[in-house]
Amino acid sequence: MRPVLFTFRGRPIHSYLVLLYLGLTAGVYAGVPAARDSGIAPDRYAAVTLILIAAALAGAHLLYVLTHRERYRGRPQAVWSNRNGAAMYGGLIAAVAISPAALVPFAIPAGAYWDAAAVTMLVGMAFGRVGCLLTGCCCGRPSESWFAIRLPNLRGEWRRRVPMQPIESMLAAALAVAAMRARPYAPFRGAIFLAVLTIYGGCRAILQGYREEFNAGRDRRAARWISIVLATAALLAIVALWPRALR
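What follows covers a nonpolar patch on the surface. A grouping of Y21, L22 and F127 is seen on the molecular surface, where their side chains present a nonpolar patch of about 310 Å² in accessible area. Residue placement: Y21 occurs in helix α1 (residues 15-37).

Let us now look at the nonpolar core. Core analysis: the largest hydrophobic core is formed by 50 residues, its most contacted members being I40, Y45, Y89, Y113, W114, L122 and F193. Sorting the residues of this core by element identifies α1, α2 (42-67), α4 (88-103), α5 (110-135), α6 (164-181), α7 (191-207) and α8 (218-246) as the ones contributing at least two each. W114 has contacts with L52, A95, V96, S99, L103, M121 and F193, leaving out every residue within four places of it along the chain.

Bridge analysis of strand β1 (residues 4-8) against strand β2 (residues 11-14) gives four bridges, and the strand direction is antiparallel. Opposite F8, over in β2, you have R11 as the bridge partner. In textbook terms, the turn of a hairpin is the stretch between consecutive antiparallel strands, and for β1 and β2 this stretch comprises two residues, one of which, R9, has a positive phi near 55 degrees.

Glancing now at the environment of G131. Among the structural elements, G131 can be located in helix α5. Since its relative accessible area comes to 0%, G131 is described here as buried.

The geometry of an aromatic ring pair comes down to the distance between the two centres and the angle between the two planes. This structure, assessed with the given rule, holds five aromatic pairs. Note on Y45 and Y113: the rings are 5.3 Å apart at their centroids and 45 degrees apart in plane angle, and the pair reads as tilted. Here Y45 is found in helix α2, whereas its partner Y113 is found in helix α5, with 68 residues between them in sequence. Using a relative accessible area of 2% as the deciding quantity, one classes Y113 as buried. Judged by centre distance (5.1 Å) and plane angle (40 degrees), the rings of W114 and F193 are tilted. In this pair, W114 sits in helix α5 while F193 sits in helix α7, placing the two residues 79 residues apart along the sequence. Classification of W114 by relative accessible area gives buried; the value is 8%. Through a chain of ring-to-ring contacts, the aromatic side chains of Y45, Y113, W114 and F193 assemble into a single cluster.

Rules used throughout
- Residue numbers run consecutively from 1 along every chain, following the written order of its sequence.
- For a predicted model such as this one, the threshold for reporting local features is a pLDDT of at least 70, and the threshold for listing and counting side-chain atom pairs is 80 or more; totals across whole chains, interfaces and linings nevertheless cover every residue.
- Where side-chain values are given, they derive from all heavy atoms of the structure, hydrogens and water being excluded.
- Any residue with relative accessible area above 30% and no salt bridge may belong to a patch, with like charges joined within 9 Å and the nonpolar Val, Leu, Ile, Met, Phe, Trp and Tyr side chains within 5 Å.
- Here the open area of atoms and residues is found with the Shrake-Rupley method and a 1.4 Å probe, where only the protein chains shown may cover a residue.
- The working definition used for a salt bridge is a side-chain nitrogen of Lys or Arg within 4 Å of a carboxyl oxygen of Asp or Glu.
- By definition, any uninterrupted DSSP run of H or I lasting at least four residues is a helix, any uninterrupted run of E lasting at least two residues is a strand, and each is numbered from the N terminus.
- Throughout this description, the term nonpolar core refers to a set of buried Ala, Val, Leu, Ile, Met, Phe, Trp, Tyr and Cys residues connected via side-chain atoms within 4.5 Å.
- For every residue, the accessible area obtained with a 1.4 Å probe (protein chains only) is divided by the maximum for its type, and the residue is called buried under 20%, exposed over 50%, and partly exposed between those limits.
- We call two residues contacting when some pair of their heavy atoms lies within 4.5 Å.
- DSSP bridges decide pairing: two strands pair if at least two such bridges lie between them.
- For Phe, Tyr and Trp, rings pair up if their centres lie within 6.5 Å, where Trp contributes its six-membered ring, and each pair is then called stacked (planes under 30 degrees apart), edge-to-face (over 60) or tilted (otherwise).

In structure tokens form, the structure reads like this:
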């Protein structure tokens, strides 16, 4: 649609990177009030979030490489020379994995941090899917349904498609608003993050089937199974932790 947003001194400025930057910046600002409500100083929240964002970007690219490994077979140097591909779940897994080590020096409780970070991630995702729409990636499968919209895929092939990028952007925005409004009612620290993971993972597992299939469907299957595993694990954690919070 518009993969290059504009040019600056002869260099193309890609839409996805611009929207990703805007989303991450807006997400950090949106997460600060939630962090402050939990007793986390805004500067500490921003500092640890920047560390985890760096890890998330690396993890997102690595998962993309894994699910599109045929592009890099015999060309290991291309793994980091081409950073255009990213898989969101790789970023989430990487950030959660290193967060204990990142949070300890700042003396930030994990549950309180991830409740605020859930807002940051969702706002970033809402912007990011607009970047996907402009680029043509993460597109929906061809469809003649009444809600289908004429859109391109990453190859520039225009068809009537399920508008997956707008759907996922609106889902992320709605969950971000819900996460902010639900803060006073959270039964324990970390509950908002776990609830977001449960709802988003369940929705993503369903929506994944409406995406256009590439690379023999490996990325689509991987995202669906990761969605199911994460949503199930988060739901079980809520069931296990909620009774303890009532004691």
